[in-house]
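Understanding the architecture of this molecule
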Amino acid sequence: MKYSANSVWENKDEYDIAIIGAGHAGCEAALAAARLGYKTIIFTVSLESIALMPCNPNIGGTSKGHLVREIDALGGEMGKVIDKTFIQSKMLNQSKGPAVHSLRAQADKDNYSRTMRRTLQNQKNLDIRQMEVTDILVENQEVAGVQTYSGAIYRCRAVILCTGTYLKARCIYGDISTHTGPNGLQSANYLTDSLKSLEIEMYRFKTGTPARIDKNSIDFSKMEEQKGDEKIVPFSFTTNPDDVQIDQVSCWLTYTNEKTHEIIRKNLDRSPLYSGMIEGTGPRYCPSIEDKVVKFSDKNRHQVFIEPEGLETNEMYVAGMSSSLPEDVQYAMYRSVPGLEQAKIIRNAYAIEYDCIDARQLKSTLEFKDVKGLFSAGQFNGSSGYEEAAAQGLIAGINAVRRLQGKPGIVIDRSQGYIGVLIDDLVTKESHEPYRMMTSRAEYRLLLRQDNADMRLTKLGYDVGLIDENRYQKLLEKERLIEEEIHRVKHTNIGTSEEVQKLLESYKSTPLISGTTLAELIRRPELSYEILAPIDRQRKQLAYDVVQQVNINIKYDGYIKRQKRQVEQFKKLENKMIPDNIDYYNIQSLRIEAKQKLSEIRPASIGQASRISGVSPADISVLLVYLESR
């Protein structure tokens, strides 16, 4: 039932933009809007929930590290904060090509939240308010303000929904069900009704988290130690690498076994996932341990990572064993794992289900199609993960400002960034489960590497107003140095001297019969720009990030050129815009399903239309002919 306050009154403070929710999406949205000079207020049901990490205590990971780098390149905050608060850092997938290298940092989660909260508190143009928002006020299909549980009305010109997993949230394990948000914090129980009254279609999704175990009850001698990288690479392009070379804590690896799986199988009837007690759909790529045992019955063990939650706590996160089984079963299954035989649970594992939306109701700018000035970001859009949320929050914050400025919203396309892939997938493709970013979703991932995110997106951040002149000039200087060095390397000849042949022999590289260029040697799989330093007499001392770009651009030159040609073809379809007022039902040769899907999603371009499920290549051909005839 919709909530109605007994006394309604109007707050006289004036705001341009209101953000509802202060998780990772809300923080980026609020900071972007305030930094662009617009009076902003962020509402949260609890100040303790600001930048909270209710699940895994880390930032980054495969493809997610790319998102953090892109957020930073655009002028966002996540990368800076994790650089200040990490306790272990690793570059993943180093045995593979640079397209899938992904930075991942273990966070001191309390320190991360405190640091982000302090950033918000000290941000000019930004007010923080602990209060539940119950209504979105809309006049003539345009946002006019919000109303809180206390009855206060805050007038504003744009609203960004960043409610995460709090809307009508319910935490469940066994037959225990509590109507709370994550970590036992207050849920938001009334806003859903207001959104439904605006004819916004809602879903019910779920996610989960494993137990937290007392460090003093773990036998680490039965586990494999997982150390951080010797040379730490920061997330933010503005962080001095020398400042992040710290002593790191270790994580630990162990495994489930057949005894663990038997305990789970015997108790599946007590799992709310299988009893029907949980309505929401969970994430395919981050399943509970119950799901793993059922769906991967051929596997006799699963990895379990024991990760510290911070420097000032003994809580250890049991990654890989998310569950909603009853408490007694949790004890039995955790204690069947080597090293956890005497484990003491501090916080039970639980599943959480919550209200979210079908993101196909949004434009690519993350504004609702049918309510002007209403934007949406984060897990509320049906995604999962802190990084996906932060990326959407940043774009929503920027575009809410641009709407108030009377400027077109920015849309990062699929060839520009993982952020573009993420948002395009959310707003065009039907999703029946929480969306998770993966490198395999990006068609042009060799171009969208995490190491070049600044060169892809910092110019856009500068144009928007989130990147200052000094940082932009440093980028231009970096690009100049890279271009000059690539040109020099391509035109530097290497002879067949004894020194050269000895170097090649030491790396088991084929000896030279005649002279060649330095670039041709770099292209050999076993060699690199850095390895060839002893035979490169004219080389200047260059920063690591410049050296990295020179090496990658020369070594993968052919592949990069091929992918750029693919992008040119992609851009042709992206640049064929579709009028807003087009009536698809009047296009005779379109199939019925295509007419329905195109009318529902209303793609902005032919490229976007081609990615809609149910729209065939033949439908696209018909649409192109129709547009040309007009």
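Reading the values: rules and limits
- Residues numbered from 1 in each chain as written.
- Predicted model: local features only at pLDDT ≥ 70, side-chain atom pairs only at ≥ 80, totals over all residues.
- Heavy atoms only, no water.
- UniProt positions renumbered as here; feature names shortened; annotations may be inferred.
- Helix = DSSP H or I, 4+ residues; strand = E, 2+ residues; numbered from the N terminus.
- Rg over C-alpha atoms; globule rule 2.2 N^0.38 Å.
- Buried < 20%, exposed > 50% of the residue type's maximum accessible area, 1.4 Å probe, protein only.
- Contact = heavy atoms within 4.5 Å.
- Areas by Shrake-Rupley, 256 points an atom, 1.4 Å probe, with all protein chains shown as cover.
- Lys, Arg positive; Asp, Glu negative; His and termini not counted.
- Charge placed at Lys NZ, Arg CZ, Asp CG, Glu CD.
- Domains from an automatic or database assignment.
- Buried area = accessible area lost by both parts, 1.4 Å probe.
- Salt bridge = Lys/Arg side-chain N within 4 Å of Asp/Glu carboxyl O.
- Polar contact = N/O pair within 3.5 Å; in protein donor to acceptor, adjacent residues only side chain to side chain.
- Nonpolar A, V, L, I, M, F, W, Y, C, P; charged D, E, K, R; others polar.
- Pairing = 2+ DSSP bridges.
- Axes fitted to C-alpha atoms, helices over the stretch in contact; angles between N-to-C directions.
- Phe/Tyr/Trp six-rings, centres within 6.5 Å; stacked < 30°, edge-to-face > 60°.
- Lys NZ or Arg CZ within 6 Å of the ring centre and 35° of its normal.

Per an unreviewed UniProt entry, the protein goes by tRNA uridine 5-carboxymethylaminomethyl modification enzyme MnmG and derives from Faecalicatena contorta. Quoted verbatim from the Cofactor (unreviewed entry) heading of the UniProt record, the comment on the protein is "FAD". According to its UniProt record, the protein has this under Subunit (unreviewed entry): "Homodimer. Heterotetramer of two MnmE and two MnmG subunits."

**Comments concerning the overall build of the protein**
Helix and strand content of the protein: 20 helices and 24 strands. Its C-alpha radius of gyration of 26 Å places the protein within 12% of the 25 Å reference for a compact globule of 630 residues. Its C-alpha atoms give the protein principal-axis dimensions of about 90 × 70 × 50 Å. By the burial criterion, 59% of the 630 residues in the protein qualify as buried. Counting contacts in the protein only where the partners sit at least 6 residues apart, residues at least 24 apart contribute 72% of the total. Just so you have it, the protein exposes about 27,100 Å², and 47% of that area is on carbon and sulfur atoms. Of the side chains in the protein, 83 bear a positive and 84 a negative charge, and the two mean positions are spaced by 3 Å.

**Considerations on the domain arrangement of the protein**
Taken domain by domain, the protein comprises domain 1 (9-207 + 354-463), domain 2 (212-350), domain 3 (475-572) and domain 4 (576-629). One C-alpha centre belongs to domain 1, the other to domain 4; they are set 30 Å apart. Contact with domain 1, which involves eight residues of that partner, is made by six residues of domain 4. Summed over both sides, the interface between domain 1 and domain 4 buries roughly 710 Å², with carbon and sulfur atoms accounting for 44% of that surface. Looking only at domain 1, the three residues that lose the most surface to domain 4 are Arg360, Lys369 and Thr428, adding up to 56% of its buried area. In this structure, the connection of domain 1 to domain 4 is made through two salt bridges. Here Glu600 and Arg360 are joined by a salt bridge, their closest N and O atoms 3.6 Å apart. In this structure, the connection of domain 1 to domain 4 is made through three residue pairs in polar contact (both at pLDDT 80 or more). Looking at the side of domain 1 that touches domain 4, its residues break down into one nonpolar, two polar and five charged.

**Description of unusual backbone geometry**
If you check the backbone angles, Asn93 has positive phi at about 65 degrees while not being a glycine. Inspection of the secondary structure puts Asn93 in the loop between strand S5 (86-92) and strand S6 (102-107).

**Considerations on the sheet that holds strand S4 (residues 58-60)**
One open sheet accounts for three strands, arranged S4-S6-S5; its pairing is antiparallel. Sheet topology places S4 and S5 at the edges, where each strand pairs with a single neighbour. Between one strand axis and the next, the sheet turns through 20 degrees on average, direction left out of account. As paired elements, S4 and S6 share three bridges and run antiparallel to each other. Looking across to S6, one finds that Gly60 is bridged to Arg104.

**Re the packing of aromatic side chains**
How two aromatic rings sit relative to each other is given by the distance of their centres and the angle of their planes. Per the stated rule, a full pass over the model turns up seven aromatic pairs. Both rings, one in Tyr149 and one in Tyr190, keep their centres 5.6 Å apart while their planes meet at 35 degrees; by these two values the pair is tilted. With a gap of 41 residues between them, Tyr149 in the loop between strand S9 (142-148) and strand S10 (152-155) and Tyr190 in the loop between strand S13 (176-178) and helix H5 (191-197) connect regions that are remote in the sequence. Judged by relative accessible area, which is 37%, Tyr149 ranks as partly exposed. Cluster of aromatic residues (ring-pair linked, three or more members): Tyr15, Phe43 and Tyr154. Above the face of the Tyr435 ring, Arg441 is positioned so that its terminal group lies 4.2 Å from the ring centre.

**Quick notes on the pairing of S9**
Burial runs high along S9: six of the seven residues are buried. As defined by bridge partners, strand S8 (residues 133-139) adjoins S9 across six bridges and the pair is classed as antiparallel. Looking at the pairing, Asp135 lines up with Gln147 of S9. Here S8 hands over to S9 after two residues, with Asn140 in that stretch at a positive phi of 55 degrees. Note: S9 against S10, three bridges, orientation antiparallel.

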